[in-house]
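# A look at the structure
What follows is each chain in one-letter form.
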Amino acid sequence: MTENQNSFQGQVLLPEGFRLASVQFGTQIQALEPDPDAPTDLYLLPGFIDTHVHGGGGFDAMDGPDGVRGMARFHAHHGTTSLLPTTLTAPWLEVMAALNGIGEVMRSGGVQGGADILGAHLEGPFISSERLGAQPPFSLLPTLERISELLALNVVRAVTLAPELAGAPLAALVFARAGVRVGLGHTAGSYEQAWSVLDALQLEEGRWAGTHTFNAMGGLEGRIPGPLGALLNHPAPFLELIVDGFHLHPGSVKLAIHAAPERVMLITDAMRAAGGLEGKSELGGQTVTVKGGKATLPDDTLAGSVLTMSEALRQTVKLGIPLERAARMASTVPARSLGLTDRGHIALGLRADLVVLDAQLEVRQVYCAGVPLLLEVPHE
Ligand SMILES: [Zn+2]
């Protein structure tokens, strides 16, 4: 409870669907009442949870604590109330330094005026050198020594792992037992290699995911379903998707939703250039060119995105996915993928992490644990 009493009237996304309602909240949601006279053109959604985001607003998770704070503030203004700053593949000491920077921000009480930092997503170095995508070439094997060094930091909340690497099946179990979400990705492995890791994780009751499903894992063919086939077929993994209009064909987005209707989640995979900065930028020491919202390396490889979660939501709705489902893909599903029970829904007693959208699905206000982040609610 706080003295900070806020309220909202409009279309509220409740666990049972959108309802005209009024909501009272401090740091937590305190009251929810049906309100037939509430405006129909304002939406209240659970705050977005981005489990794969490298940076934004000119900041990057690899920059240290100030980079983490900057990206948390930037993305909060686009509706993200919780995120996992995501590291890039880099020399080991640089990865450890970045994780320490993320840990420092968490221990200092988080980011005022920014998204809640849930921990780090370690994307690389335990990935295939054949499927780097835009990751710099510093892949390493997931040895038990390196994993215990990582776990000792108590910062890593999600990891991306190529299942075919020597030691990867054991690494997946060690991470899962430590409560880390294991994502398969940046892989050149086989269907069988991916499937056996997924099965082992399910037995362990671990949390698992497909890292930017479809991207950096090869395609699905009749006799070679590959890791993508395993991720779509297996009954358990959560599936990250980058719905920015560039990384995925609309048919691929819809296929994932058919395969795993309750397990598909939106991520941004955004990098420092997110936030409308067109022109030259940087990713892990590589030059990136952003043109028309598309970010590429000099050889034309897609280099992360310049997406925000609110834009990902709009892009998803544009594909004909109902707003209710798209909103759950941005909040409820990622919360479940990390085992979070205090957020991801709008319900009594949960954290007041909330996003107000107008009829055009533009962000009008964001509350992080009840604290309004936008000084002025924009009006035309
Ligand atoms: Zn990636």
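Rules behind the numbers
- Residues numbered from 1 in each chain as written.
- Predicted model: local features only at pLDDT ≥ 70, side-chain atom pairs only at ≥ 80, totals over all residues.
- Heavy atoms only, no water.
- Donors = N, O, S within 2.8 Å, 3.2 Å for Na, K, Ca; no water.
- Helix = DSSP H or I, 4+ residues; strand = E, 2+ residues; numbered from the N terminus.
- Buried < 20%, exposed > 50% of the residue type's maximum accessible area, 1.4 Å probe, protein only.
- Pairing = 2+ DSSP bridges.
- Core = buried A, V, L, I, M, F, W, Y, C linked by side-chain atoms within 4.5 Å.
- Domains from an automatic or database assignment.
- Contact = heavy atoms within 4.5 Å.
- Phe/Tyr/Trp six-rings, centres within 6.5 Å; stacked < 30°, edge-to-face > 60°.
- Right-handed = clockwise from strand over helix to strand, strands pointing away.
- Salt bridge = Lys/Arg side-chain N within 4 Å of Asp/Glu carboxyl O.
- Axes fitted to C-alpha atoms, helices over the stretch in contact; angles between N-to-C directions.
- Left-handed = near helix turned anticlockwise from the far one by under 90°.
- Nonpolar A, V, L, I, M, F, W, Y, C, P; charged D, E, K, R; others polar.
- Buried area = accessible area lost by both parts, 1.4 Å probe.
- Polar contact = N/O pair within 3.5 Å; in protein donor to acceptor, adjacent residues only side chain to side chain.

## Here's the deal with the coordination of the zinc ion
Donor atoms from the polypeptide that bind the zinc ion are Glu 123 (OE), His 186 (NE2) and His 212 (NE2), placed at 1.9 to 2.2 Å. On the primary sequence, the residues serving as donors to the zinc ion are separated as E-x62-H-x25-H. Highlighted residues: Glu 123 in strand β10 (residues 120-123) and His 186 in the loop between β12 (181-184) and α5 (191-203), separated in sequence by 63 residues. Glu 123 gets classed as buried once you look at its relative accessible area, which sits at 1%. Classification of His 186 as buried rests on a relative accessible area of 3%.

## Here's the deal with the sheet that holds strand β19 (residues 354-358)
Taking strand neighbours across the sheet as the criterion, the 7 strands line up as β3-β2-β1-β4-β19-β20-β21 in an open arrangement whose pairing is mixed. Among the strands making up the open sheet, the edge pair consists of β3 (29-34) and β21 (371-372). Note: β19 against strand β20 (residues 363-368), 4 bridges, orientation antiparallel. Each residue of the ladder has a partner; that of Val 356, found in β20, is Gln 365.

## Overview of the nonpolar core
With 99 residues, the main nonpolar core has Leu 45 and Leu 99 as its most contacted residues. Here this core spans two domains, and each of domain 1 (1-46 + 343-380) and domain 2 (48-342) adds at least three residues to it. Apart from residues lying up to four places away in sequence, Leu 99 is in contact with Thr 87, Ala 120, Leu 122, Leu 150, Leu 153, Val 155 and Val 156. Within the second largest apolar cluster, 13 residues are counted, among which are Val 12, Ala 21, Val 23 and Ile 346.

## Re the side chain of His 75
For His 75, the position within the fold is in helix α1 (residues 65-76). In this structure His 75 comes out as buried when scored by relative accessible area, which is 0%. In contact with His 75, not counting residues within four places along its chain, are Val 53, Gly 55, Gly 56, Thr 80, Leu 83, Thr 268, Ala 270 and Leu 307.

## Comments concerning the packing of aromatic side chains
Counted by the stated rule, this structure contains 4 aromatic pairs. The interplanar angle of 65° and the centroid separation of 5.4 Å between the aromatic rings of Phe 18 and Tyr 43 together place this pair among those described as edge-to-face. Separated by 25 residues along the polypeptide, Phe 18 in strand β2 (residues 17-25) and Tyr 43 in strand β4 (residues 42-46) bring together distant segments of the chain. A relative accessible area of 18% means that Tyr 43 is categorised as buried. Centroid distance Tyr 191 to Trp 195: 5.5 Å. Interplanar angle 15°. Geometry classified as stacked. Here Tyr 191 and its partner Trp 195 are both found in helix α5, 4 residues apart, which amounts to about one turn of the helix.

## Remarks on the pairing of β12
Neither face of β12 is exposed, since Arg 181 and Gly 183 on one face and Val 182 and Leu 184 on the opposite face are all buried. At this point the chain moves from strand β11 (residues 156-161), through helix α4 (residues 168-177), to the parallel β12, and the crossover so formed is right-handed. Pairing between β12 and strand β13 (residues 208-210): 3 bridges, direction parallel. Paired with Val 182 across the two strands is Trp 208, which belongs to β13.

## A word on the pattern of salt bridges
Applying the stated rule across the entire model yields 12 salt bridges. Across the pair Asp 66 and Arg 69 runs a salt bridge, and its minimum N-O distance is 3.1 Å. With Asp 66 and Arg 69 both in helix α1, this residue pair falls 3 residues apart, about one helical turn. What makes Asp 66 exposed here is its relative accessible area of 57%. A salt bridge links Asp 116 to Arg 343; its shortest N-O distance comes to 2.7 Å. On the criterion of sequence distance, the pair formed by Asp 116 in strand β9 (residues 116-117) and Arg 343 in the loop between α10 (332-337) and β19 is long-range, its members being 227 residues apart. In this structure Asp 116 comes out as partly exposed when scored by relative accessible area, which is 22%. Classification of Arg 343 by relative accessible area gives buried; the value is 8%. Here the residues in one salt-bridge network are Asp 116, Asp 342, Arg 343, Arg 351 and Asp 353, joined through shared partners.

## Let's talk about the packing of α1 against helix α2 (residues 92-107)
At a closest axis distance of 8 Å, the pairing of α1 and α2 adopts a crossing angle of 65°. Handedness of the crossing formed by α1 with α2: right-handed. The segment α1 lies against α2, with Pro 65, Val 68 and Arg 69 engaging Gly 101, Ile 102, Glu 104 and Val 105. Partitioning the contact of α1 with α2 into residue classes produces 4 nonpolar, 1 polar and 2 charged.

## Remarks on the domain arrangement of the protein chain
Once the domains are mapped, the protein chain shows domain 1 (1-46 + 343-380) and domain 2 (48-342). Computed over C-alpha atoms, the centres of domain 1 and domain 2 are 27 Å apart. Listed per partner, the contact involves 27 residues of domain 1 and 27 residues of domain 2. Surface buried jointly by domain 1 and domain 2 totals about 2,000 Å² across both partners, of which 64% is contributed by carbon and sulfur atoms. Broken down residue by residue, the surface that domain 1 buries against domain 2 is led by Arg 343, Leu 361 and Leu 373, which jointly contribute 33%. In this structure, the connection of domain 1 to domain 2 is made through 4 salt bridges. Seen at the junction of domain 1 and domain 2, the total is 9 residue pairs in polar contact (both at pLDDT 80 or more). Broken down by secondary-structure element, the contributors of at least two residues to the side of domain 1 that touches domain 2 are β1 (6-14), β2, β4, β19 and β20. A total of 4 residues in the side of domain 1 that touches domain 2 trace back to one element, the largest contributor, which is β20. Counted by class, the side of domain 1 that touches domain 2 contains 18 nonpolar, 4 polar and 5 charged residues.

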